[in-house]
Amino acid sequence: MSEVLEVSVDWLSLREPEDARARAGVLADAVPGLLGAGRGDAGDRRRVVVHDLGSGTGSMMRWLAPRLPGPQTWVLHDWNPALVARASEGRRPRDASGRPVELRSRIGELDALDPSALDGASLVTASALLDVLTAAEAHAIVAACLSARAPVLLSLSVTGDVELTPWDARDIRFARAFNAHQRREVAGRRLLGRYGAPIVLGLFRQAGWRVRTALTTWRLDARDRLLLAEWFDGWTDAALEQEPALRREAAGYRQLRRAQQERGKLSAVVYHLDLLAWPR
C-alpha cells in the first residue's frame, strides 16, 4: 500500500487549505451528537478517542478537532513515519473548549488493520483514502469499524467527475484516462478509484448502519494558481501514463490550458464524496 499512498509533504501542505474548505461541515457538525458515550451517568465527560486512518500530516485532525468536544486523543494511523512525525510538530490542535489534543501514532500498512486496532474508538476518520484502497482493504477497514461500533467520518473520496472551464472536447478523453489510472493495478493491488466511496457506503448500509453523504468540491481558479497548476499537471500526467496515445494531443492541450491559467481564465471543479456512518 505504501507504493500507492506515497505523497510529498509539499503536496499535502499545498492542498490542505482547499481540503479544509471543501470538506462537508454539515456532516462534521453532526458528529458530536453521535458521540453518545461521551458523557458518563454523572455528566462527567469522558475522553473522545479519534482514530484517523491514512492520517498523513494530520490535516483531518487540524480541521476536525476544534469542532468536537474534549478532552480528545487522536490516534494517527499511517505507513509513513515521516508524515506522522510532521503531524506531531508545532502547536497541537485544540478541541472545542480550547484544550490541546493528545496524540498517539500507529505506524503500519492499513491493509493489515485488525479489528482490535480500533478498540475504544469514539470516532473513526479518514480523508482522501478510499480511492487508493483495494476491495479487500476496504472490506477490512469497514469490518474494523463495525467491530468498534463508533461513528465513521470519511471525507474527500474522488468521484472521477471534473469540470474545466472553458470547456474543451479533450477534457473528456483525459478524464476517462485519469479514472482508468485510478483503477490501475500496483504491485498486485487493484485500486478501487472512483468506486471506493460507493463500495464502502454499500458495506455500511448492508450492515444496517445509517449513512449520510454529501457531495463536496474543490473549486480551483485564479485565486489558487499554484494548486490548480499542480493538480492539472498531476491529472494529465496520470492520464498519459494510463493512455500513452494521448501524447499526440497532450502538448497542445497543456499549452492551451497553461495560457488560460496565466490569463486567469482557467478554473476547475473536482468532485468528491464525503460520508458519515453510524450504528443504529
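Right above here is the structure, for reference.
Residues numbered from 1 in each chain as written. Predicted model: local features only at pLDDT ≥ 70, side-chain atom pairs only at ≥ 80, totals over all residues. Heavy atoms only, no water.

## Re helix α10 (residues 247-262)
Thinking step 1. For α10, with 16 residues, the first-to-last C-alpha span of 22 Å sits near the 22 Å given by 1.5 Å per residue.
Thinking step 2. Considered for burial, the residues of α10 that qualify are Ala250, Tyr253, Arg254, Arg257, Gln260 and Gln261. Along the axis of α10, the buried residues cluster in a sector spanning 130°; they form a single face. Turned more than 90 degrees away from the buried face of α10 sit Arg248, Ala251, Gln255 and Glu262, all of them exposed.
Thinking step 3. In this structure, the buried side of α10 is in contact with β5 (152-165), α7 (170-182) and α9 (225-242).
Thinking step 4. Downstream of α10 by one or two residues, Gly264 has phi in the positive range, about 75°. (Helix = DSSP H or I, 4+ residues; strand = E, 2+ residues; numbered from the N terminus. Expected span 1.5 Å × (residues − 1). Buried < 20%, exposed > 50% of the residue type's maximum accessible area, 1.4 Å probe, protein only. Arc of directions from axis to C-beta. Contact = heavy atoms within 4.5 Å.)

## Describing the packing of α7 against α9
When two helices pack together, their arrangement is given by the angle between the helix axes and the distance between those axes.
Thinking step 1. Interhelical geometry of α7 versus α9 gives an angle of 75° and a closest axis separation of 8 Å. Comparing the axis directions of α7 and α9 gives the class roughly perpendicular. Residues Asp171, Phe174, Ala175, Ala177, Phe178, Ala180 and His181 of α7 form the contact with α9, whose participating residues are Trp235, Thr236, Ala238, Ala239, Leu240, Glu241 and Gln242.
Thinking step 2. Its residues assigned to classes, the contact of α7 with α9 shows nine nonpolar, three polar and two charged. (Axes fitted to C-alpha atoms, helices over the stretch in contact; angles between N-to-C directions. Parallel < 35°, antiparallel > 145°, perpendicular 65-115°, else oblique. Nonpolar A, V, L, I, M, F, W, Y, C, P; charged D, E, K, R; others polar.)

## Topic: the packing of aromatic side chains
Thinking step 1. With the rule as written, the count across this model stands at eight aromatic pairs.
Thinking step 2. Taking 5.7 Å as the distance between ring centres and 50° as the angle between the ring planes, the aromatic pair formed by Phe232 and Tyr253 counts as tilted. With Phe232 in helix α9 and Tyr253 in helix α10, the pair connects residues that are 21 residues apart, well separated along the chain. Here Phe232 and Tyr253 have matching classes, each one buried. (Phe/Tyr/Trp six-rings, centres within 6.5 Å; stacked < 30°, edge-to-face > 60°.)

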